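Survey of secondary and tertiary structure
Listed here are the chains, written in short residue letters.
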Amino acid sequence: MADTVAERKTDIGPPHYEKFLPPVVKANYGKWKYHEIVQPGVLVHVAESGDKLYTVRAGTPRLLSIQTIRELCDLADTYSDGYLRFTSRHNIEFLLTDPDKVGPLIIELTTRGFPVGGTANAISSMVHTQGWIHCHSAATDASGIVKSVMDELIGHFQTMELPAKLRLALACCLNMCGAVHCSDIAILGIHRRPPKVDQEKLSKICEIPTVVASCPTAAIRPKRINGKETVEVIEEQCMFCGNCYTVCPAMPLSNALNDGVSIWVGGKVSNARHAPMFSKLAIPYLPNNPPRWPEVVAAVKNIVEVWAKDARKYERMGEWIERIGWPRFFQKTGIPFTKQHIDDFRHAGLTYQRSVHIKS
Amino acid sequence: MGDENKPSQTPKLDELEKGPWPSFVREIKRAATKSPMARDLLGVLELSYEEKVGHWKHGGIVGVRGYGGGVIGRYSDVPEKFPNVAHFHTLRVNQPAGWFYRTEALRAICDLWERHGSGLTNLHGSTGDIILLGTRTEELESTFADLTKAGFDLGGSGSDVRTPSCCVGPARCEWACYDTLNFTYDITMHFQDELHRPAFPYKFKFKASGCPNDCVAAIARADLSIIGTWRDEIQIDQAALKEYTENGIDIQADVCERCPSQCMSWNGKELRIADEWCVKCMHCINAMPKALRPGQERGAVILIGSKAPIVQGAMLSSVLVPFMKMEPPYTELKELVGKILDLWSEEGKSRERVGEFIQRVGLGNFLEAIGLEPKPEMVAHPRENPYVFYEEYFEEEPEAASETEG
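Residues numbered from 1 in each chain as written. Chains lettered and ligands numbered in written order. Predicted model: local features only at pLDDT ≥ 70, side-chain atom pairs only at ≥ 80, totals over all residues. Heavy atoms only, no water.

**Re the overall build of chain A**
Helix and strand counts for chain A come out as 11 helices and 13 strands. For chain A, the spread of C-alpha atoms along the principal axes amounts to about 75 × 75 × 35 Å. Here chain A holds 360 residues, and 57% of them are scored as buried. Of all intrachain contacts in chain A linking residues separated by at least 6 positions in sequence, the fraction that spans at least 24 positions is 63%. When the accessible surface of chain A is summed, it comes to about 14700 Å², and 54% of that surface belongs to carbon and sulfur atoms. One way to put it: in chain A the 42 positive side-chain charges average out to a point 6 Å from where the 36 negative ones average out. (Helix = DSSP H or I, 4+ residues; strand = E, 2+ residues; numbered from the N terminus. Buried < 20%, exposed > 50% of the residue type's maximum accessible area, 1.4 Å probe, protein only. Contact = heavy atoms within 4.5 Å. Areas by Shrake-Rupley, 256 points an atom, 1.4 Å probe, with all protein chains shown as cover. Lys, Arg positive; Asp, Glu negative; His and termini not counted. Charge placed at Lys NZ, Arg CZ, Asp CG, Glu CD.)

**Considering the domain arrangement of chain B**
Residues and elements named next belong to chain B. Partitioning chain B into structural domains gives domain 1 (11-149), domain 2 (165-224 + 305-378) and domain 3 (235-293). Of note, the centres of domain 1 and domain 2, computed from C-alpha atoms alone, are 30 Å apart. Of the residues lining the interface, 12 residues belong to domain 1; the matching set on domain 2 comes to 16 residues. Considering only the side of domain 1, the residues that lose the most area to domain 2 are Tyr67, Ala97 and Thr127, jointly responsible for 37% of the buried surface there. (Domains from an automatic or database assignment. Buried area = accessible area lost by both parts, 1.4 Å probe.)

**Some details on the pattern of salt bridges**
Tallied over the entire structure, the rule returns 47 salt bridges over all chains. As a salt-bridge pair, Asp151(A) and Lys147(A) come within 3.0 Å of each other at their nearest N and O atoms. Taken as a pair, Asp151(A) and Lys147(A) lie in helix 5 (residues 143-158) at a separation of 4 residues, close to a single helical turn. Each member of the pair Asp151(A) and Lys147(A) is classed as buried. Residue Arg272(B) pairs with Glu270(B) through a salt bridge whose shortest N-O separation is 3.7 Å. (Salt bridge = Lys/Arg side-chain N within 4 Å of Asp/Glu carboxyl O.)

**What about the UniProt feature "domain: Nitrite/sulphite reductase 4Fe-4S" (unreviewed entry) in chain B?**
Annotation from UniProt places "domain: Nitrite/sulphite reductase 4Fe-4S" (unreviewed entry) at residues 157-372 of chain B. As a span, residues 157-372 of chain B carries 33% helix and 17% strand, and end to end its C-alpha atoms are 30 Å apart. (UniProt positions renumbered as here; feature names shortened; annotations may be inferred.)

**Examining the packing of helix 12 (residues 331-347) of chain B against helix 14 (residues 363-370) of chain B**
All names here are of chain B. Where helix 12 contacts helix 14, the axes come no closer than 9 Å and their chain directions differ by 120 degrees. The handedness of the crossing between helix 12 and helix 14 comes out as right-handed. Within the contact between the two elements, helix 12 uses Leu336, Lys339, Ile340 and Leu343 and helix 14 uses Phe366, Ala369 and Ile370. When its residues are assigned to classes, the contact of helix 12 with helix 14 shows 6 nonpolar, no polar and 1 charged. (Axes fitted to C-alpha atoms, helices over the stretch in contact; angles between N-to-C directions. Left-handed = near helix turned anticlockwise from the far one by under 90°. Nonpolar A, V, L, I, M, F, W, Y, C, P; charged D, E, K, R; others polar.)

**Side note on the sheet that holds strand 13 (residues 280-287) of chain A**
Residues and elements named next belong to chain A. One open sheet accounts for 5 strands, arranged 7-8-9-12-13; its pairing is mixed. Across the chains shown, the open sheet's two edge strands, defined by having one partner strand only, are strand 7 (127-128) and strand 13. Note that strand 8 (residues 168-171) and strand 9 (residues 185-190) share 4 bridges and pair parallel. In the sheet register, Leu170 faces strand 9, and the bridge partner there is Ile187. On the sheet, helix 11 (residues 326-333) packs against strand 12 (260-265) and strand 13 and is oriented at approximately 35 degrees with respect to strand 13. (Pairing = 2+ DSSP bridges.)

**A few points about the side chain of Arg298(B)**
Residues and elements named next belong to chain B. Positionally, Arg298 belongs in strand 15 (residues 298-304). One buried charged residue, Arg298, forms no salt bridge at all, with the nearest opposite charge on Asp232 at 6.6 Å. Within the local environment of Arg298, its side chain forms a polar contact with the backbone oxygen of Pro294, the two atoms lying 3.3 Å apart. Once residues within four sequence positions are removed from consideration, Arg298 is found in contact with Glu174, Ala176, Cys177, Thr229, Trp230, Gln235, Phe323 and Lys325. (Polar contact = N/O pair within 3.5 Å; in protein donor to acceptor, adjacent residues only side chain to side chain.)

**Description of helix 11 of chain A**
Residues and elements named next belong to chain A. Those residues of helix 11 that fall on the buried side of the exposure criterion are Phe329, Phe330 and Thr333. The buried residues of helix 11 occupy an angular sector of 90 degrees when projected down its axis, which confines them to one face. Residues of helix 11 that are exposed and angled more than 90 degrees away from the buried face: Pro327 and Gln331. Looking at the buried positions of helix 11, the neighbouring elements they touch are strand 12, strand 13, helix 9 (294-310) and helix 10 (317-324). Positive backbone phi, approximately 75 degrees, marks Gly334, located one or two places after helix 11. (Arc of directions from axis to C-beta.)

In C-alpha cells:
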C-alpha cells in the first residue's frame with residue numbers, strides 16, 4: 001500500500017471531455033447546421049462542412065453490470081470506433097460516421113435486448129432513483145416499477161406516434177433525487193404514517209435541536225421520556241416528508257402496510273411553447289404491489305392513452321390539460337377527484353379556481 | 001470467490017426478468033456470477049419485495065481521506081442474513097462533460113470496480129455522476145487510488161457543490177448557444193475544493209443547458225441554472241421551409257399558431273418573424289431545424305433557486321441575469337457565484353437551499369446583497385400586496401441645516 005499513498009492524487013476533477021470526442025465531433029464542434037430524425041432512435045446531424053454524424057440511441061436499465069458495460073463497449077469498438085455517450089435520461093448513444101453500419105448496429109442492439117428509440121414524439125427512458133436497491137428512505141422500489149411500466153409502454157419508445165414528447169420519471173420518496181416534479185407523468189413513492197421514534201437510539205445518535213428544526217410543520221417537540229432527552233411527534237401535524245429521518249436515523253417512517261405510490265401529471269422543463277410547469281397530483285395513493293405493481297402500470301397506461309387520443313399535435317400533457325381543463329381531465333381519465341387533490345400547504349389559495357371560467 | 005454459497009432464491013425478482021424492456025434483475029444476476037456482493041443484493045432485494053420495505057440504513061460518515069463528499073455510506077439492516085452487503089457504500093464518480101466516453105475509459109472503470117466493488121453501476125445517477133454501487137469501507141481508499149490512476153475523481157455529495165452536468169452542447173447540437181461542455185469542465189475545476197469538502201448550508205447544483213429546450217432540466221433541478229439563449233434574429237432559410245411544407249408540416253397551424261408570442265406570419269411562401277416579440281421558446285426551431293436556427297448573438301439566461309420538495313416545497317429557478325455572454329474564463333459568472341455562495345454560506349440556515357434562502361430574505365434584499373440591480377425580467381409581475389418595507393424616507397430638515405453650507 002505504501003506506493004499507493006505516495007502516488008495519492010486529489011482534486012484532479014473529471015477527465016477532460018475532449019479526450020472522448022470522436023474525430024468528426026472535434027472537427028465540427030460548434031459548427032453543426034441541422035439534424036434530422038431518420039427513424040425512431042436514429043438521428044443524423046449535418047455540419048456546415050457537410051460532414052454527417054449518425055446517432056443510434058437505445059434504452060438501458062440504468063443499473064448496469066460491468067459485464068454489460070463491456071458488452072456495450074465491444075459494440076462501440078465494432079461500430080463507432082470506440083466512442084459512445086449517454087443521455088440525461090440514461091439512454092446509450094453510439095456515434096457513427098458510416099451510414100452502412102447503422103442497420104447492423106440496430107440489429108445487434110435489438111438482439112441483445114436494448115430497444116432502439118426514444119427520439120422525438122416518443123417516451124424516452126425513465127429518469128428514476130435507487131429505491132430498495134440502495135436507499136434508506138425509499139417508500140417504494142424504483143427499478144421494479146420502471147421496468148413494469150416500460151414493459152407495457154415500450155411501443156411508444158420504439159415509435160414516434162404520440163402527439164408530443166412524453167417524459168416519465170419516478171422518485172421513491174419525497175426527497176425526489178430524481179426531481180420528478182416537472183414530468184409529464186411522475187410516479188412518486190409516498191410514506192403515509194408519521195415516524196416511529198426510537199427513543200433508546202435517538203438520545204444516543206441524534207442532536208435534538210437539529211431534529212426539531214428539521215420539521216417544516218413544527219410537528220416535532222423535545223421531550224423527556226423515562227429520564228432520557230428525546231422527542232415526540234404531533235402526529236396530526238406530520239405530512240410524511242421524511243426530512244427528520246434524513247437528519248436522524250432514529251425516526252424511521254417506512255411502513256409496509258401504508259407506504260405506496262402517487263401519480264402526478266402535466267409537468268415539463270422545456271420552454272418550448274408553454275413555460276416550464278410543475279406536475280400536479282392526479283392519483284394520491286396506489287398500493288405497493290411488487291413485483292409488477294399492476295395498479296400503477298394500469299394507471300399510467302390509462303393516462304397515456306387518454307392523452308394520446310385527445311391531445312393536439314405538439315401538445316404536451318400539461319398543455320393538453322390546460323386546454324381542456326382539470327374537470328375534463330378527471331372526467332376523461334375516470335380518475336376520482338378527492339380532498340387530497342386540494343392543496344393545503346403554503347400559498348394553497350393560489351391554486352383555487354378564482355374565476356367563473358367553468359366549462360359545463 | 002465464495003462459490004460454495006448457494007444463489008438466493010428470488011421468485012419475485014425473476015418476474016422482472018420477463019418482458020421486452022431491459023431488465024435490471026438480469027444485470028444484478030450477471031454481476032452475481034462473479035460477485036458475492038451482487039448475489040446478496042439479490043437476496044436483500046427479494047426480501048424487500050416480499051416485505052414491501054427497504055433494508056438499508058443511513059451511512060454515517062464514510063469517505064476517502066481529505067474529502068467530505070463523494071461516498072454515500074450504506075449498511076444493511078439484515079447483515080446476518082446477507083453478510084456480503086453488510087456494507088454497501090456508493091461512490092459518485094465525476095462524469096466527463098456531456099457523458100462522452102472512449103471505451104478504454106469505461107473498461108478501466110469496469111476493471112477497477114471488478115476488483116473493489118459489487119460490479120454494479122448506474123450510468124448515470126440523477127445528478128449526472130457515474131455511480132459505483134456497493135463496496136466496503138476498507139475498499140474506499142484503494143478504489144479512489146485506482147480511480148485517480150485512471151484519470152477520474154469523485155463527485156459531490158452532502159452539503160457541497162454537487163457534480164455539475166450539461167447537455168450534449170456544441171459537440172453535437174446546432175442549437176447550443178454557448179459551449180456547455182467547456183463551461184461545465186471549467187466550473188467543475190474551479191470549484192474542486194467546494195465540491196469535495198462540504199461547507200455550505202446544503203447542496204448547491206449547477207446545470208448547463210445550451211438552449212431553452214433545457215435537456216438537462218436545469219430550470220427544475222439546479223440551484224444555478226445556465227440556459228442558453230440569443231438576442232438577435234432567428235436565422236431563416238426560406239428555401240428549406242418549402243421542403244418542410246412538402247413533407248407534411250402545416251407552417252400556419254403547426255408553427256405560427258403554436259408560437260406563444262404570436263410573432264410569426266406565413267403567407268404560403270415566406271415566413272416572417274417579428275423577433276422583438278419572440279420569447280425564444282424554441283418551438284418553431286424544434287419543428288423545422290433545417291430551416292430555422294437560433295440567432296448569432298448568443299449567451300445564456302442565468303436563473304437561480306430550483307429544487308425538489310424537501311424542505312419548503314419544490315421550486316423552479318427564476319431569472320437572475322436576463323442575458324450574459326458565456327465565454328471563457330467565465331469571469332462575470334464566477335464572480336457572481338462567489339458572492340452568492342459567500343452570502344448563503346454566511347446567512348443560510350442548515351439544510352436551506354439557496355432558493356429557500358431567497359424566499360426567506362426576499363429576492364429584492366438578496367439582489368442588493370450580491371450587488372445586482374432589480375430588473376422586470378426577474379418577475380412574472382410586480383407585487384400584488386401593498387406591504388412594502390420602505391427603507392428610505394424623507395425627514396423634515398432641521399431648521400438651521402440649510403444654512404451650514406456656504
